[in-house]
Structures are given as C-alpha cells and as structure tokens.
Amino acid sequence: MGPVSLKERYKGIFDVGAAVWPGAPGTHGELIKRHFSCLTCENVMKPTLLQPERGRYAFSAADKLVEFAAQNGMKMRGHTLVWHNQTPSWFFQSPGGGEASREELLSTLEEHTRTVMGRYKGRVYCWDVVNEALADSSGGFLRGSPYLRIIGEDYIDRAFHIAHEADPDALLFYNEYNECDSEKRERLYTLVKELRERDVPVHGIGMQMHSYLESPSAGDIRAAIERYASLGVVLHVTELEISVYEWDDRRTDLKAPSPQMLERQAERYGELFALFREYKDVVTCVTTWGVADDYTWLDDFPQKGRKNWPLLFDMNHQPKAAFDRVTEF
Ligand code: HAH
C-alpha cells in the first residue's frame, strides 16, 4: 500500500512537480511516477547543456527526460531560455570575433529558442523564458548581464516575443528567486506589470521559493502571491525546498538533521502547502527542486560539500514528517 500519493492527494488542486536529472528515472523512478504529475529538468535544458557550441545541440539527456514524462503521463516545464548563468560564453561573442552586436545576440537567441521550443512543442507545456533578470540590491532594477549590456533594456520583451512565436501554445513564465522579499517583490511586480502593459506575452510568474527554516515568512509569501496574482497572471512555485538551516547558518559539522530541524521543517512545509491551497485558483503548479534528500543541489549551496535534507522524502526515499503535513488536510 504505502503512503497516499502526492499527486492523487492534490488532484483537482494543483500539479505537484519535481526537478529531475538524467539519472533520476533509474534511481528515483518509482517515487517520481507515484507522487509527481509534472517534471522540470534541473539542468539539462539550460543553454550550456543544450547548445554547448554554436550550432551543436546536445538533446539526448533532455529528450530522455521528456520521453519519461510523456510515457508516464506527466507534464513537463521548460527551464530555461534566457539566464545570466549556465549560458555558454559563445552566445555573447561575434562569430567573427569580439563581442556580439545587438543583432547578432538577438539572432542567436532567436535561433536557440526556435530550435529548442520547436523540438519540444506539445510536450513541454510551459517555459521559464527569462530567469533571474532582476538585480539583488535595492539600488538597481535589472541585473547587470551580457544580455542587458549587449541588447539593452528591451531584451526581456524580445525574449518573450521570440518564445511566443516559437510556440504560440506554450505558457510563458518570468522566474525569479527571493521573490517574497518585499523590495524585490515590488520590482518584480513592476517588471511584469510593464511587460503586460506593452502587450508582451508573459503569462505567468515562477516563484522559485528556495526556503529556509524561518524565512520567508508565511506573511511575506502571502503578500507576494496576492501582489503577483493582482496582475492577472498564473503562478507556479517552481523550485521549492526547505533547507534545514537558517539562511545565514554556515555550519558544516552536521551528519544528520536534528529532530527539531525536521519537526520545524515539517511545520513549515505544512504551512506553505496550506497557503498554496488557499490560492489554488492562481497557483496551478508546485514543484520541489529535487525528489528525495539523497540528491539536492543544496549539498553544494551555499556551502560546497555540506549535506542538506530539504525535500519531502528522506535519504531512503521514505516519506518524511513534512510529507505527512503536506498530505494531511
Ligand atoms: C536557481 N537559482 C536556478 O533557477 C536553478 O536553475 C538552479 O539549478 C538552482 C537555483 C537560485 C539562486 C540562488 O538560490 C542563489 C543565488 C543565485 C541563484
């Protein structure tokens, strides 16, 4: 029998997704098939992995995950097209040498987007078109990036128009982290409001929701959901996990999470999912950034080599207390 299935429990409420890597169907296949209704490729759809050199695409890893999702009746989110990280440096170089011109970078972006979105049309239903374009500090508005420097401030508009032309049926997202911080929230709100006022085809906001034991608070999450929902866009929680540490805790000596950590994490998971359920008319997908605690990017972030236990299933793929809180309602 085993525990209730997440995706069954959340049927009719929202999709529950997981970020996966090429080995996941082999090592975590049963867990994924039982509990999740949507997948995201953690890395293999990022520009560096899909087009390491100009014109040389490497689709096989992504193809396999898309196939796995399709065979098991799962939806797939696309992540990501325009980002300052994990994008090869040749994107920003002119084929003739030196830095690319605005027109050259736009044409690289267009070629990449058309090829990738075209290949997965009908199988990847939504895309994080632009990831993390806002500045971190309250000083600036947009993050300084090669896209901003070379194309100029309209690069986000262009990216969404290009994506919409490449697959008019895909739902297009702007995805961001620290999205519940009150200052960044207002900048993200303004960004998407102005995009929509210019009729740029942005349909959703991806709230990454990388979380810690005490932050962001439920109040800040609610305020962000309300604010973004007021724009008339759909919201996806795209990269949820709850670290067992506080954001500024850099301890590296822990061999296992303490019972207190796991209890607080469970409470927080319960609280967050209750909040997402309250907003189910606008929050249509909640994705955890990983499947079980034996594989998480947080083992190397923000401290390289420090183990973390941030997901709903433990090292042995068993449901944690957090899982119970998320499914008991
Ligand atoms: C996310 N960045 C990315 O969207 C995702 O593609 C990557 O695999 C992991 C996290 C979040 C992030 C952060 O937490 C801190 C600084 C910069 C970016």
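Quick caveat: nothing in here was measured; it's all calculated off a predicted structure.

### So, the nonpolar core
Then comes step 1: By size, the foremost hydrophobic cluster in this structure holds 101 residues, and its most contacted members are Met45, Trp127, Phe160, Tyr174 and Phe276.
Then comes step 2: The contacts of Trp127, once residues within four sequence positions are left out, are Met45, Gly78, His79, Thr80, Leu81, Val116, Met117, Tyr120, Ala170, Leu171, Leu172 and Phe173.

### Focus: the pattern of salt bridges
Then comes step 1: This model, assessed by the stated rule, comprises 28 salt bridges.
Then comes step 2: Residues Asp154 and Arg102 are paired through a salt bridge, measuring 2.8 Å at the closest nitrogen-oxygen approach. Highlighted residues: Asp154 in the loop between α6 (146-151) and α7 (155-166) and Arg102 in helix α5 (residues 102-120), separated in sequence by 52 residues.
Then comes step 3: With a relative accessible area of 26%, Asp154 lands in the partly exposed category.
Then comes step 4: The shortest N-O distance in the salt bridge between Arg251 and Asp249 comes to 2.7 Å.
Then comes step 5: Classification of Arg251 by relative accessible area gives partly exposed; the value is 38%.
Then comes step 6: Note on Asp249: relative accessible area 16%, which makes it buried.
Then comes step 7: Bridged by salt links that share partners, the residues Asp136, Arg143, Glu176 and Lys184 form one connected network.

### Side note on the site of the ligand
Then comes step 1: Around the ligand lies a shell formed by Lys46, His79, Trp83, Asn131, Glu132, Tyr177, Gln208, His210, Glu239, Trp289, Trp297 and Phe301.
Then comes step 2: In this structure, an oxygen atom belonging to the ligand sits 3.1 Å away from a side-chain N or O atom of Asn131.
Then comes step 3: The separation between a nitrogen atom of the ligand and a polar side-chain atom of Glu132 is 2.7 Å.
Then comes step 4: Starting from 430 Å² of accessible surface for the ligand in isolation, the protein chains cover 83%.
Then comes step 5: Among the residues forming the shell around the ligand, the class breakdown is five nonpolar, four polar and three charged.

### Let's talk about the state of the cysteines
By definition, a disulfide links two cysteine residues through a covalent bond between their sulfur atoms.
Then comes step 1: Taken as a whole, this structure holds zero disulfides when the rule is applied.
Then comes step 2: Just so you know, Cys126 is unpaired, no disulfide at all, and the nearest cysteine sulfur is the one on Cys38, 6.3 Å from it.
Then comes step 3: Counting only cysteine sulfurs, Cys38 is the nearest neighbor of Cys285, a cysteine outside any disulfide, at a range of 4.0 Å.
Then comes step 4: Looking at Cys285, the relative accessible area reads 0%, which means it is buried.

### Section: the packing of helix α8 (residues 182-197) against helix α9 (residues 218-229)
Then comes step 1: The geometry of α8 relative to α9 is characterised by a closest axis approach of 10 Å and an angle of 10 degrees between their N-to-C directions. With respect to α9, the element α8 is oriented roughly parallel. The hand of the α8/α9 crossing is right-handed. Here Arg185, Glu186, Leu188 and Tyr189 of α8 come into contact with α9, specifically with Ala223, Ala224, Arg227 and Tyr228.

### Describing α5
Then comes step 1: The end-to-end C-alpha distance of α5 is 27 Å, a good match for the 27 Å that 19 residues give at a rise of 1.5 Å each.
Then comes step 2: Within α5 the residues assigned to the buried category are Leu105, Leu106, Thr108, Leu109, His112, Thr113, Val116, Met117 and Tyr120. Buried positions in α5, seen along its axis, are confined to an arc of 160 degrees and lie on one side of it.
Then comes step 3: Residue Gly122 follows α5 closely and has a positive phi angle near 85 degrees.

### What to know about unusual backbone geometry
Then comes step 1: The amide bond that connects His79 to the next residue, Thr80, takes the cis arrangement and shows omega of 5 degrees.
Then comes step 2: The step from Ser215 to Pro216 runs through a cis peptide bond, and the omega angle for that step is -5 degrees.
Then comes step 3: Tracing the sequence through the fold places Pro216 in the loop between β7 (210-211) and α9.
Then comes step 4: The backbone of Met209 sits at a positive phi, close to 65 degrees, despite the residue not being glycine.

### Topic: the side chain of Asp249
Then comes step 1: Structurally, the position occupied by Asp249 is in the loop between β8 (234-242) and α10 (259-278).
Then comes step 2: Within the local environment of Asp249, its side chain forms a polar contact with the side chain of Arg251, the two groups lying 2.7 Å apart.

### Side note on the environment of Arg185
Then comes step 1: You can see Arg185 is positioned in helix α8.
Then comes step 2: A relative accessible area of 16% places Arg185 in the buried class.
Then comes step 3: If near-sequence neighbours (up to four positions away) are discounted, Arg185 is found in contact with Glu179, Ala223, Ala224, Arg227 and Tyr228.

The rules behind these values
- Residue numbering note: each chain is counted from 1, following its sequence as written.
- Whole-chain, interface and lining totals are the exception, using all residues; otherwise, since this is a predicted model, local features are given only for residues with pLDDT of at least 70 and side-chain atom pairs are given and counted only at 80 or more.
- Remark: hydrogens and water are excluded; side-chain values derive from all non-hydrogen atoms of the structure.
- The criterion is simple. A nonpolar core is a set of buried Ala, Val, Leu, Ile, Met, Phe, Trp, Tyr and Cys residues joined through side-chain atoms within 4.5 Å.
- Categorising residues by exposure relies on relative accessible area from a 1.4 Å probe, with only protein chains included: less than 20% of the type maximum marks a residue as buried, more than 50% marks it as exposed, and the intermediate range marks it as partly exposed.
- Here, two residues are considered to be in contact whenever any of their heavy atoms come within 4.5 Å of each other.
- Each salt bridge in this description consists of a side-chain nitrogen of Lys or Arg and a carboxyl oxygen of Asp or Glu lying within 4 Å of one another.
- Runs of H or I in DSSP of at least four residues are treated as helices and runs of E of at least two as strands, each being numbered from the N terminus.
- Being near a molecule or strand, for a residue, means having at least one of its heavy atoms within 4 Å of it.
- Polar contacts, as counted here, are pairs of nitrogen or oxygen atoms within 3.5 Å of one another; within protein the pair requires one atom able to donate a hydrogen and one able to accept it, and residues that are adjacent in sequence qualify only if both atoms are side-chain atoms.
- Where accessible areas are quoted, they stem from the Shrake-Rupley method and a 1.4 Å probe; at the residue level, only the protein chains shown are allowed to cover.
- Charged means Asp, Glu, Lys or Arg here, nonpolar means Ala, Val, Leu, Ile, Met, Phe, Trp, Tyr, Cys or Pro, and polar covers whatever is left, Gly included.
- We call a pair of cysteine sulfur atoms a disulfide whenever their separation is within 2.5 Å.
- Note on definitions: angles span 0 to 180 degrees between N-to-C directions of axes, and those axes are lines fitted to C-alpha atoms, for helices only across the stretch in contact.
- These descriptions rest on fixed angle ranges, namely under 35 degrees for roughly parallel, over 145 for roughly antiparallel, 65 to 115 for roughly perpendicular, and the rest for oblique.
- Left-handed describes a crossing in which the near helix is turned anticlockwise from the far one by less than a right angle; the clockwise case is right-handed.
- To estimate how far a helix should reach, multiply one less than its number of residues by 1.5 Å.
- What the arc measures is the spread of directions leading from the helix axis to the C-beta atoms.

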